[in-house]
Amino acid sequence: MREQIESAIRNSEADYIEIRLEEGQNTRVAYRGPDLETADVVIDRGGLVRCFVHGGGWGIATFNDLSDLEHRSRQAYEGARAVQAEPIELAPIPASEYKTTVSLENDFRGVPVTEKKSLAQEYNEILLRFDPRIVDTHTTYSDTFSRVTFANSDGTYVEEERPMVNIAFSAVSRKDDNVQRAFEAVSKVAGFDAVKGHHDLVQVVAQRAVDLLSAPPVEGGRYTVVCNPRMAGVFVHEAFGHLSEADFVYDNPQAQEMMVLGRRFGRDILTIADDGSISGLRGTHKYDDEGTPTGRTDLIKDGILVGRLHSRETAAKMGEQPTGNARATSYRYPPIVRMTNTFIEGGNTSFEEMISDIDQGVYACDAFGGQTALENFSFSAAYGYMIRDGEVGELVRDVVLSGNLFVTLEHIDAVGDDFQWAEWGRCGKGQGGLPVTMGAPHIRIQDVLIGGQ
Amino acid sequence: MLERLMQETEQAEVFEIQSEATKIGFDANKLKSFEVEETQGIAARVVADGRLGFAASSDVTALDQLKENVLASAELGDEVPLHFPEPQRGPAVEVYSPELATLPPSRLIEMGKEMVDTILQADEEASVSIDLTRRVRETTVRNSAGAEVAVRKAPFSITLEVERVRGDDVITLFEYFSTATLDDGYRAFVARVAEKLRLARRLATLSSGQMPVLFSPTGAPVLGLPLIHGLNGKNVYRGISPMAGREEEELFDEKLTVVDDPTLDGRPGSSSHDDEGVPGRRNILVNQGRLTGYIYDLKTAALARTEPTGNGKRSLFSPPSPSFSNMIVGTGETPVGDIIAGVDKGLLVETPLGLGQGNVISGAFSNSLSLAFKIERGEIVGRVKDISVAGNIYQDLKQIEALSLESEWVYGGIRLPYILLPKLNVVTKN
């Protein structure tokens, strides 16, 4: 294949061209309630050619039929010539030649699907038997192994194997009209053993689903909120991370002004960074999908905005360095600026200290999801507790945090000493689910808007 | 492939998909990219020894592996009393317009430029990104009962993203337009987005409390999404839908009617048959507030011992599941202008954040709003920021104050009017 790729690149008349091919296999076992939804294996192969010409724009071709790359390269080239766009420049990166083959302990490719099914069934049974009020369950095992080949006309050639193994459980409980749910997942760049032995976690899910039935909805209002590490991680990804993606600012002078480096965003205790090079995390790769090496990029240091995430194009436009954050969800998409592993660095306040002086507040735990419209954000906690007189009180549900980013970052007044990475993370920007990891300690935020009935 | 599978199983089905798309991209008000997308794939289902199996591949040459995978899947599969349908005639539905299928890229570029201009006229500081996609999508489903259904569609879609930053005052709009007929509907679409931008120039403040809330068609999915989940036969069969077992009950205000209709000409969600070869038909699910039905695919209908409703939808890599074709909430009789004129003090919801993130199946919603307006003495007076609404459709749709005469398609396959609820909880920073 390498020969076909290099020949298609060599023969292209484009000023820049890249080819990315992906071949993968995905095994999935899904239970819904007592029934098996599916236990199947799917095969996915496809590719993308992206190029530009001076005086034209980006031309892109995506395809499943990998047999004629010259033809795909011509399609992309014709596309590039058909649009008159602004001149495109890419910041230089060193040409790389790299090939990884992973070796996994108890590689899931060698594990029979029956064994994967048994494991999912075992977890699912725990949920089903836990309590009659659990009326529905989802238990899904999945693994995916893909081989991505990337080459460009600047001389880079990278082959990377990308394995991932996942287990996810959710339970739905019901009492009359009251329907609640709880969810946990584990996702690792690892072999089959990484998803074994999570029976305790399954119990936690079942117990929480049942407990939420008797939890009252939180009363709407403004509260001091303590976010657990997972909620804080989603918060930093959604509320701040997306604003630090340079594709938002690179062509928008007003946005650049808003996100000017050196601006204070938070107190001295706040440091936020993105690092795509940390071994074993979901957002980790040696190179991004443009062939740029990944690494750590500080975004906020001691409360001050110090950096942002770039592709080669946004970096060139802003006269900054590429950061290795050009990522694509699959061969179906050109790379865009995305986060990798984004985190709030640990501080020195213990959880007990953090809640000790709160008369009435909310402890927001985990996240069903988050969405941001730049300055505005919305997060649904999976569950929460009231904090009363310095102590964690009763369980509450329907905890949705919303607010304005700038104000909220300034209102982070305590950063915990208990940093952890989340076991699971996905970013939905533009192209849908891309694996990322979010990390944080507990954080405390003053004066947060919580919606409620 | 079908013949090969039929030799070794009781029932078999082969689903094939082929699609070609041309996409024109604008970024930051400027033409940026030209993309050609070709998709192909094949999926198979079998029933062997009573057990259901599934497999798929986007490599259409990997047929031996596909066959091996689907037979292996059936060995592990559950016993399901499912029967692939015999050949059945479906309604005639226009979803392929040759003019739309061959719309020249130069025309897509013109349309994009026109849209950028319209938005910039409304606000010269706006930054506009647009994707215009012209597609031809062909699917074929063949099964061992003799059905062979081919569906060819030419959907056209536009995603429009507008960002406007002024100091720390930011507005973002993300809007979606789709059609399967060539007309200038995109002009009305972009004009509405421009109007929202104009209205958002003025800011207003509102205090927390209970008040009348008007959901525009782009805001009304806050209420529509729990209905979509609740009416899904899978959630009904599992017993988690609050609507399960309540057929013929008056669950909602008598103004509310909800229909699934795949027979509408010119809509991308329409189709003569679903992806399992079951004929499409118009299904009334909520009739003047009374629950009258749910949507089913073959498997869920078989498990629930009822009839499939022609709602089996699938992507290449997943087995079919029940899904709406076009979800339509019936309109009312009042022009939206009159509805607004009748509100003394209330809120107009245009763009919710976090749609689908909460406990949707329970009917509960709690959304912060990225775009909402204050209505005062019958007029829209300005944008309200830092605000959220919350409620539960199983309570709040029992009393609907008004539905508008006008309605719009949103998110592709959902048609909604303006919906005025008399009293909803609104939380603001004041």
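Just so it is clear, the model here is predicted, and its values are computed rather than measured.

Visitor: Describe in detail the confidence of the model for chain B, supporting the description with residues and values.
Guide: Interpreting fine coordinate detail is not advised for predicted regions of low pLDDT. Averaged over chain B, the pLDDT score is 95; the fraction of residues at 70 or greater is 100%. Note on the complex model: pTM 0.93, ipTM 0.92.

Visitor: Explain the pattern of salt bridges to me, using residue names and the numbers behind them.
Guide: A full pass over the atoms with the stated rule returns 68 salt bridges over all chains. With its nearest N and O atoms 2.9 Å apart, the salt bridge here joins R296 of chain A to E345 of chain A. A residue pair is termed long-range when its members are at least 10 positions apart, and R296 of chain A in strand β10 (residues 296-301) and E345 of chain A in the loop between β14 (341-344) and α9 (351-356) qualify at 49 residues. Where salt bridges share partners, they join D123, E125, R164, R166, D169, R201, R383 and K385 of chain B into one cluster.

Visitor: Describe the state of the cysteines, with residues and values.
Guide: In the structure shown here, the tally under the stated rule is zero disulfides over all chains. The cysteine C227 of chain A is free of any disulfide, with C365 of chain A supplying the nearest cysteine sulfur at 8.9 Å.

Visitor: Pulling in residues and values, what's your account of the packing of aromatic side chains?
Guide: Residue and element names in this part refer to chain A. As enumerated under the stated definition, the model contains 21 aromatic pairs over all chains in all. Note on F240 and F265: the rings are 5.9 Å apart at their centroids and 70 degrees apart in plane angle, and the pair reads as edge-to-face. With a gap of 25 residues between them, F240 in helix α5 (residues 229-240) and F265 in the loop between α7 (253-258) and β9 (272-275) connect regions that are remote in the sequence. Here F265 falls in the buried class, since its relative accessible area comes to 2%. Three or more aromatic residues link up through ring pairs in this structure, and these residues are F351, Y363, Y383 and Y385. Directly above the aromatic system of W58 lies the positively charged group of R50, at a separation of 4.0 Å from the ring centroid. When the ring centre of F145 is taken as reference, the NZ or CZ atom of R109 above it lies at 3.5 Å.

Visitor: Give me empty space enclosed by the protein: which residues, what numbers.
Guide: If you walk through the whole model with that rule in mind, you get eight cavities of 30 Å³ or more. Forming the walls of the largest cavity are 21 residues, and the residues nearest its centre are D398, V399 and V400 of chain A together with G358 and N359 of chain B. Contributing elements (two or more residues each) for the lining of the largest cavity: β7 (178-188) and β16 (376-388) of chain A together with β16 (364-376) and β18 (387-392) of chain B. Residue composition of the lining of the largest cavity, grouped by class: 10 nonpolar, eight polar and three charged. Considering the residues around the second largest cavity, the lining is formed by 14 residues, among which G356, V360, A364, F365 and N367 of chain B are closest to the centre. Where the lining of the second largest cavity is concerned, the elements lending two or more residues are α6 (221-230) and β16 of chain B. The residue inventory of the lining of the second largest cavity, partitioned by class, reads eight nonpolar, six polar and no charged.

Visitor: Pulling in residues and values, what's your account of helix α2 (residues 63-76) of chain B?
Guide: The end-to-end C-alpha separation of α2 of chain B is 20 Å, in line with the 20 Å expected for 14 residues at 1.5 Å each. Taken together, the buried positions of α2 of chain B are L66, K67, N69, V70, L71, S73, A74 and L76 of chain B.

Visitor: For the sheet that holds strand β20 (residues 420-421) of chain A, give the residues involved together with the corresponding values.
Guide: All names here are of chain A. Taken together, the six strands give an open sheet; going across it, the order is β11-β10-β9-β14-β23-β20, and neighbouring strands pair in mixed fashion. A strand with exactly one partner marks an edge of an open sheet, and here the two such strands are β11 (304-305) and β20. Of the strand pairs in this sheet, β20 and strand β23 (residues 437-440) are connected by two bridges, and their pairing is antiparallel. Each bridged residue has a counterpart across the sheet, and for Q420 the counterpart in β23 is A440. Across the face of the sheet, α5 comes into contact with β9, β10, β11, β14, β20 and β23 while running at roughly 115 degrees to β23.

Definitions and cut-offs
Residues numbered from 1 in each chain as written. Chains lettered and ligands numbered in written order. Predicted model: local features only at pLDDT ≥ 70, side-chain atom pairs only at ≥ 80, totals over all residues. Heavy atoms only, no water. pLDDT = per-residue confidence, 0-100. Salt bridge = Lys/Arg side-chain N within 4 Å of Asp/Glu carboxyl O. Helix = DSSP H or I, 4+ residues; strand = E, 2+ residues; numbered from the N terminus. Disulfide = S-S within 2.5 Å. Phe/Tyr/Trp six-rings, centres within 6.5 Å; stacked < 30°, edge-to-face > 60°. Buried < 20%, exposed > 50% of the residue type's maximum accessible area, 1.4 Å probe, protein only. Lys NZ or Arg CZ within 6 Å of the ring centre and 35° of its normal. 1 Å grid on protein atoms, 1.4 Å probe; cavity = no way out; pocket = protein on both sides within 12 Å on 5 of 7 lines; lining within 4 Å. Points joined across faces, edges and corners; volume = space filled by probe spheres on them. Nonpolar A, V, L, I, M, F, W, Y, C, P; charged D, E, K, R; others polar. Expected span 1.5 Å × (residues − 1). Pairing = 2+ DSSP bridges. Contact = heavy atoms within 4.5 Å. Axes fitted to C-alpha atoms, helices over the stretch in contact; angles between N-to-C directions.

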